[in-house]
Structure formats: C-alpha cells, structure tokens
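Notes for the structure review
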Amino acid sequence: MIIFRFWRTFCSLPPSPRIWQYRRVHDTPDIADRRDAVCVIGAGASGLATIKNLREHGFAVDCYERETSVGGAWNWRHDRSPVYANTHLISSRPLTEFPDFPMPDSWPDYPHHSQVLSYLERYAKHFGLGEHIWFGTEVVSAVPVGDGRWDVTTRSTGGGSSRVQRYAALIAANGHNWSPAKPDIPGDFRGTVIHSAQYKDPAQLRNRKVLVIGGGNTGCDIAVEAAQQATTVWHSTRRGYWYAPKYIFGRPADQVNDGLLKWRVPLKLRQWLYRRTLALTTGDLTRYGLPEPDHKPYESHPIVNSQLPYYLGHGRIKAVPDVARFAGGQVELADGRRIDPDLVITATGYAPRFEFLAPDLIDTEPDGRPDLHLHSFARKHPTLAVVGLLQPDAGLLPLAHWQSVAVARWLQLRREDPERAAAVQQKESARPIPSWSKRRVVASRRHWFEVDHLAYLKAMDELLREMEPAK
Amino acid sequence: MSHDLLRFDDWTSPVPPVEREVLSRLVEGEDEHEHPPLLFVTGPGVGAWAFAEHWLAHTAGRGFPAHALTPREGGDLRAHVHDVVQTAASLPRQAVLIGHGVGALVVSRALGRYPARAAVLVAPAMDRWATFGAAIKTNPLGTLRGRPRLNRKQLFSASLPAEEADAYLARMTFAHRLAFPKQVPSPVGKPPVLVVGSPDDRVVPRKSLDRVAAHYGGAPLLFPGMGHALMLDAGWAEPIDATLDWLTKELTAAS
C-alpha cells in the first residue's frame, strides 16, 4: 500500500523539470512577452477544461498550478482539498461529466471523489494538457497593461524570487471551495473546533460528542457520518431546508427533475410536485425539531441527502437551532438551551478569493462578491474571465466546459474580427441578468453564484450562437 | 448549427451500459505514445473482427495503437454513438475515429460529441436514398428485405477468391436499417476529416462519396476496382496505407 501510494505521488509529479528550468531563468530582469498566449490560473476541473478548449481554438496556453498535480479540489492529496474520505457526488453522473468526455458508463450513478479525481487525471492525459501546466507555481499578481494585455507575476510555491510575463488574456479558474469561511462565534470553548475543511476521516468522530454547524450538503454528510461513529450528534441549522432524497421512483432525483424541465413544466407546478414528492418520500421533518423551510423549493441550493432523515428518525442526530455562543465546556443555542459537545465542526462553506487581482478588476462589491457578466466575463476588461465560479443545481463540470468554450470563442472573435466582437459585447451588455441568474434565492453568501443549470446553459447557447464564425 | 448544450435525453434516460467488445493491437516499446490511437468502427451486424483481419495489425505495425469496436446488438443510433464515444474516451490519448459503412454514419454523429484527433469515413453509408438506389440495382431481393442483406458482388471485387468472400459473408449478421436524422453535427474541436471509398462500390455510389467529402470541405480518396468492404477486399493494404499517410501528414501539420 505504501509503495502504491508512493508510486501514485511520484507519478503525479510534473513530467518535465520545468520548476528547475524556471528557477534558472528567474533573474531575468525584463518582462518575458508571451505574445498571443493565454494565462490560465489553476489546473482543477475548470482549469483543465479551459486549457483544453483554448488549445482547441488555437491558443498557446500557460497554466499555473500551485499544487504538484491536477485535480484541484478533487485531489485529496492537496492541503486545500475540501473532500473527506466518504465524499460522493450529489449530482448524478450524466449531469456531472464533461459533455465531450463522458465518465465510464460502468461507474455508479453517484461516483466517489477518488473516481472524480481519476476522471480528471485521465482527461488531462487524454488531451495532453500536462505539457501546458507549470506545477508548483503560484500567481502572485496580475495587472492590466493597456491594450488588453496582462502582466502576470508568478513565484514558485516554495518561495523564491518572482518572474513577470506578459499575456494576451487572463483566465482565472482558481476554484471557490478552498478558503474556509469560518463563523464568528463569541465566547470561549474548551473542546475542539474545526472547519469541515479539516474533516477528512470518520475516525475523527469516533466516540466523540459532536456538534455539526451548517445545513449545507457537507454539514448534512458529516452529521450522517457522525451518526454512525459518534456517541452523540447535534446538527445545528439556521433555517429550514428542503432535504431531497438521492433517488425518486428508483431513479437519480436530478434525472427525474430534468424530465420535468424537458417537458417545460412551469415552476409553480414543479414546486407543488416537489412538495408532494417530498411529503410522500422524506415526510415531515419538523417533528424531529427541524424548522419549516422559510423559502419555496428551488429557491436555495439543493440539499441532497437520503440518510439525514433516517438518522433523525433513529434519534442518532438531534436537530438544534443556531449557535448563540460558546460558554466554556458548553455551547449555548439560540433558544437558550445548552449542550456539551467536545468536538464542533463548522460546515459553513468557503469564500471565493482572488488575491492576485485588484478588487475593482472584477467589480468586487463591498461584501466581497465579484460582479461578472454570466458570472464569468469581467465587465470592463474584455480579456479577463473567470471559469467555474458557479453554484448550479446540477454538476459544475458541464457548465464550466461551456463557459470555457465561450471564453475561447470570445477571445478568438476579438482577435480575428474586432468589429463583430464589439457588436457581441454591445448585445451582451443588454442581456437581462434575471435571464441567467437565479433571482429568487435565499440571501446568503452560499447563494451568490447560484444558477439554474438550464437557464444558464440556454444563455451560454445564445452567446455561442452570436459568436458563430460567419460562413 | 446547434451546440447541443441541452441534452435532455442523456440527462433523463442515459443509454443503458453494455459490455463492449474491443479488439486491440498495441504498439510496444518507446514510441507507444508517439502516435494517437485509432478506433475503428463497423456498422451493426459486422463487428471488430472485420478490422482485426488485416487493418488492425497493419496499423499497429506502422506505429499507431489500433482498436476496433463491435457495435452492440439491437442498439439505435444514439446507443451506437454512445458506445463509440465511451470507447474513445477510455483510450489513453485523444483518438482518431475511423468508421466504415454505417459505422461511418455513427462516427459522423460521434464527432459532434467527442473532439477526435482526426476522423476517416470509409465508404460512408450516409445518404439513405443514394445507398438504397445503388443497392437495389445490384441486389434487388436482398435490398428489399426487412433486414437488408448484401451479397458478394456488393462487398468484394472479383479479385478476392470466392471462398474467402463467402466465408466473410457468412460471419456477417446484417442488422435492421438504422433510423437517423438527416442533420450531420459539426465536429467538435474541428478535426481534419477524410473520406475514403471506391468508385466501384456497389453500396455507396461515387456521388454520395463526393457529397459527404464536400460536406467536410474536401474530396474523397478513391481506390478503383475495390468493393464496399475495403478492409477485407483484395488490395486492402492500399486504402489503409493511404489513410495512415494522410494522418501522418495532418498530425505533422498540426504540431
């Protein structure tokens, strides 16, 4: 096993001695001009799709990845990977795979995270993406230098001096699930508090008294694992959610839901069907102490967990309200009750971070939320885009794929036909935001980038058609 | 052109998986990864064996890892396209897709779903009426059956010994006609596409070869004197050699 692991780690190292090559040339004082090349930041799922699609559109690409291998969040070897031992997909395979590189059809409906990683590794190898990636290299800053070009400063992850190169465009695919958002809970706590990012293995829960804070998919997953391992489990949620099962009528729930979308069943009717289906399957969860949802179905990011209601029903998980403060060995809840966990796991999500960009480049609002056209294109910088900054009600990979195709097509059009590019930009600026962004969602950071996968793909389709090469 | 972003069929009723037969001839040694793998696809009713007879070994001998897929039994066009894309994606490197006959029709649809490194359509049966017209002239009885059969004259030239031809014919099961929409998707990733055929093919007429080649912006590469089954007929080495020459040229031009 150790040998096997070593082999895997060894093989994931960059094939060429690029890091060393880079160190040798680092002291060149002038800016290396990479001309028409595009700089991509990050070699996770979104970054890999971006490299591939830019290459397909004829661009030279330099991708910088601070880790030593591909996979981003899905690579459990990475320190910043949020996956835990038992992470499985919550959207089913056909709604999660890249549209032009399917996952093996022999895989389960909901693959394990290690399968997703091997899928991404195969994708990178299949399309020969590794040779365009500089591993162990961090982007420190990216500055526009007029005429749409960017000066990108990179540095070896281990430290050392930096290097500046000039690129024709900059695409950030740096992910948004790596920088933990930690709640500010007043008071002192004598037990252990960790963020879900530090939760890796069910053994961490064994024989503990665990409080899980957060009603998202991760919070629910960890609460379920705690129910199987810990002596006592409390699950604290601020509001009521719709807990959808993974299977309805023996089919993956998202596939059934897309059947309704296919037949254009109106939202009101879908909401009614959703309530009915949940009432008939999961049943009423308020009798276990969970609050009633304060929003309609489809108005928050879907929570998909068939096991949570099961363990609530077995008394293994106790639903509790929001946490008010820590009080020594105890935790005080919003309703004044006190509980005495010895391990608190905050599953309170992650915050997007773009430290290498000045906030105004991506029109960052005072609360930290970037304002991008289609959550992707910078409004004032036509050669700056972000790929993968979405929270869809389906798998992210298909959307990230089409985003990167649109970005590649846009850069190509801008290069080959500036006049038409300007016309497309004009037209796009008039695209109403509600047509692609979900308006009616719960107001929280978790829902900043919430999109309806169908509405979003339709908007992408229209954009791609506008940029279709003239025949 | 449709970009095919909304794939309700795949999202709501995925093609049921089957065990797929893939015959392979790999390249040993250092140049294993020098050339992209080739995936050969026959029409339903034939099978990977037809390529395993000569072309697979010949292709591997020239340094290209070669694989051939046997179409699933009783599948529709969508299922066959699914199988081709699944098999292509399972290969270690971006694959070149090569379809023959109805297999070329399947490949032409798969090109809309998978960015092939290049594609070759060999005697592509992509014109329903032209193919039907050519077949009925040579083999009226076989063509009018529910499961149309091809005869020796349609598949092979006179230079192939009759016993050999009959042995091949006996291995073919002939499938029902595939229903297919007329619209051919634009290949994703803009791969180079070559059409190969014979002006003496009694299944796919010359005009049809020209039309398909023109659709992809080229002219067909022709091998006079050969029958429809170019991979089995006498002189099988010529079309595959020419195809590999073309491929080598395209790959060098792209790099």
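Predicted model, so just to flag it, every value in this text is computed and none were measured.

What counts as what
- Residues numbered from 1 in each chain as written.
- Chains lettered and ligands numbered in written order.
- Predicted model: local features only at pLDDT ≥ 70, side-chain atom pairs only at ≥ 80, totals over all residues.
- Heavy atoms only, no water.
- Helix = DSSP H or I, 4+ residues; strand = E, 2+ residues; numbered from the N terminus.
- Rg over C-alpha atoms; globule rule 2.2 N^0.38 Å.
- Buried < 20%, exposed > 50% of the residue type's maximum accessible area, 1.4 Å probe, protein only.
- Contact = heavy atoms within 4.5 Å.
- Areas by Shrake-Rupley, 256 points an atom, 1.4 Å probe, with all protein chains shown as cover.
- Lys, Arg positive; Asp, Glu negative; His and termini not counted.
- Charge placed at Lys NZ, Arg CZ, Asp CG, Glu CD.
- Pairing = 2+ DSSP bridges.
- Axes fitted to C-alpha atoms, helices over the stretch in contact; angles between N-to-C directions.
- Disulfide = S-S within 2.5 Å.
- UniProt positions renumbered as here; feature names shortened; annotations may be inferred.
- Core = buried A, V, L, I, M, F, W, Y, C linked by side-chain atoms within 4.5 Å.
- Phe/Tyr/Trp six-rings, centres within 6.5 Å; stacked < 30°, edge-to-face > 60°.
- Right-handed = clockwise from strand over helix to strand, strands pointing away.
- Salt bridge = Lys/Arg side-chain N within 4 Å of Asp/Glu carboxyl O.
- Nonpolar A, V, L, I, M, F, W, Y, C, P; charged D, E, K, R; others polar.

Quick word on the overall build of chain B
Looking only at helices and strands, one finds eleven helices and seven strands in chain B. Taking 18 Å as the expected radius of gyration for a compact globule of 255 residues, we find that chain B reaches 17 Å, a close match to that expectation. Overall size of chain B, expressed as C-alpha extent along the three principal axes, is 45 × 45 × 35 Å. Expressed as a percentage of the 255 residues in chain B, the buried residues total 53%. The long-range fraction of contacts in chain B, counting pairs at least 24 apart against all pairs at least 6 apart in sequence, stands at 72%. If you sum the accessible surface of chain B, you get close to 11100 Å²; carbon and sulfur atoms cover 54% of it. Averaged over its 26 positive side-chain charges, chain B has a centre that lies 10 Å from the centre of its 26 negative ones.

Some remarks on the overall build of chain A
Each helix and strand counted, chain A has eleven helices and 23 strands in total. The C-alpha radius of gyration computed for chain A amounts to 23 Å, which stays within 12% of the reference 23 Å derived for 471 residues, consistent with globular compactness. Principal axes of the C-alpha set define a box for chain A whose edges measure 65 × 50 × 45 Å. Counting only residues that meet the buried cut, chain A has 55% of its 471 residues in that class. At a minimum sequence separation of 6, the contacts of chain A that also span at least 24 residues come to 67%. When the accessible area of chain A is evaluated, it comes to approximately 20700 Å², of which 54% is carbon and sulfur surface. For chain A, the distance from the average position of its 60 positive side-chain charges to the average position of its 51 negative side-chain charges is 4 Å.

Some thoughts on the side chain of Asp 363 of chain A
Mapped onto the elements of the fold, Asp 363 of chain A is located in the loop between β20 (343-346) and β21 (384-386). In this structure Asp 363 of chain A touches Arg 369, Pro 370, Asp 371, Arg 379 and Lys 380 of chain A, once residues within four positions along its chain are discounted.

Overview of the sheet that holds strand β8 (residues 169-172) of chain A
Residues and elements named next belong to chain A. Taken in spatial order, the five strands make up an open sheet running β4-β3-β2-β8-β21, and their pairing is parallel. What marks the edges here is a single partner per strand, and that holds for β4 (133-135) and β21. Mean inter-strand twist for the sheet, computed between neighbouring axes without regard to direction, equals 20 degrees. In this structure, β8 lies alongside β21, joined through three bridges in parallel fashion. From the neighbouring strand, Leu 170 faces β21, where its bridge partner is Leu 384. Of the strands in this sheet, β2 (38-41), β3 (61-65), β4 and β8 touch helix α3 (residues 45-56), which is tilted by about 165 degrees from β2. Here helix α9 (residues 397-416) sits on the sheet and contacts β2, β8 and β21; the angle it forms with β8, its principal contact strand, is near 175 degrees.

Quick notes on the state of the cysteines
Across all of its chains, the model carries zero disulfides over all chains by this definition. Of the cysteine sulfurs around Cys 39 of chain A, a residue in no disulfide, the closest is that of Cys 63 of chain A, at 7.8 Å.

Details of the UniProt feature "domain: AB hydrolase-1" (unreviewed entry) in chain B
In the UniProt entry, the feature "domain: AB hydrolase-1" (unreviewed entry) is given for residues 39-234 of chain B. Its end C-alpha atoms 22 Å apart, residues 39-234 of chain B is made of 38% helix and 13% strand.

Considering the nonpolar core
By size, the foremost hydrophobic cluster in this structure holds 64 residues, and its most contacted members are Leu 48, Leu 54, Phe 98, Ile 171 and Leu 411 of chain A. Broken down by element, this core gets its largest block of residues, eleven residues, from α9 of chain A. Those residues in contact with Phe 98 of chain A that sit more than four places away from it in its chain are Ala 45, Ala 49, Tyr 119, Leu 120, Tyr 123, Leu 397 and His 401 of chain A. Counting residues in each nonpolar core, the second largest holds 40 residues, with Ala 48, Ala 50, Phe 51 and Trp 246 of chain B among its members.

Description of the packing of aromatic side chains
All names here are of chain A. Using the criterion set out here, one finds 21 aromatic pairs over all chains in the structure. An angle of 50 degrees between the planes, with centres 5.6 Å apart, marks the rings of Tyr 84 and Tyr 199 as tilted. You can see Tyr 84 sitting in the loop between β3 and α4 (113-126) and its partner Tyr 199 sitting in the loop between β9 (192-195) and β10 (209-213), a full 115 residues away along the chain. This pair shows no difference in class: Tyr 84 is buried, exactly as Tyr 199 is. Plain terms: the ring middles of Tyr 310 and Tyr 311 are 5.0 Å apart, the flat faces sit at 85 degrees to each other, and that makes the pair edge-to-face. Note on Tyr 311: relative accessible area 13%, which makes it buried.

Notes on the pairing of strand β5 (residues 118-122) of chain B
All names here are of chain B. Most of β5 is tucked away: five of the five residues are buried. Side-chain alternation along β5 places Ala 118, Val 120 and Val 122 on one buried face and Ala 119 and Leu 121 on a second face that is also buried. As judged from the five bridges shared by strand β4 (residues 96-100) and β5, these two strands associate in the parallel manner. In the strand pairing of β5, Ile 98 is matched with Val 120. In this fold, β4 hands off to helix α5 (residues 102-110), which returns the chain to β5; that crossover is right-handed. Judged from the four bridges that link them, β5 and strand β6 (residues 193-197) form a sheet pairing that is parallel. Pairing of Ala 119 across the sheet is with Val 193, part of β6.

Re the interface of chain B and chain A
Each partner contributes to the interface: chain B provides 31 residues, whereas chain A provides 33 residues. Taken together, the links from chain B to chain A amount to two salt bridges. Sort the elements by how many residues they give to the side of chain B that touches chain A and helix α4 (residues 77-90) of chain B lands first, with six residues. For the side of chain B that touches chain A, the per-class residue count stands at 15 nonpolar, nine polar and seven charged.

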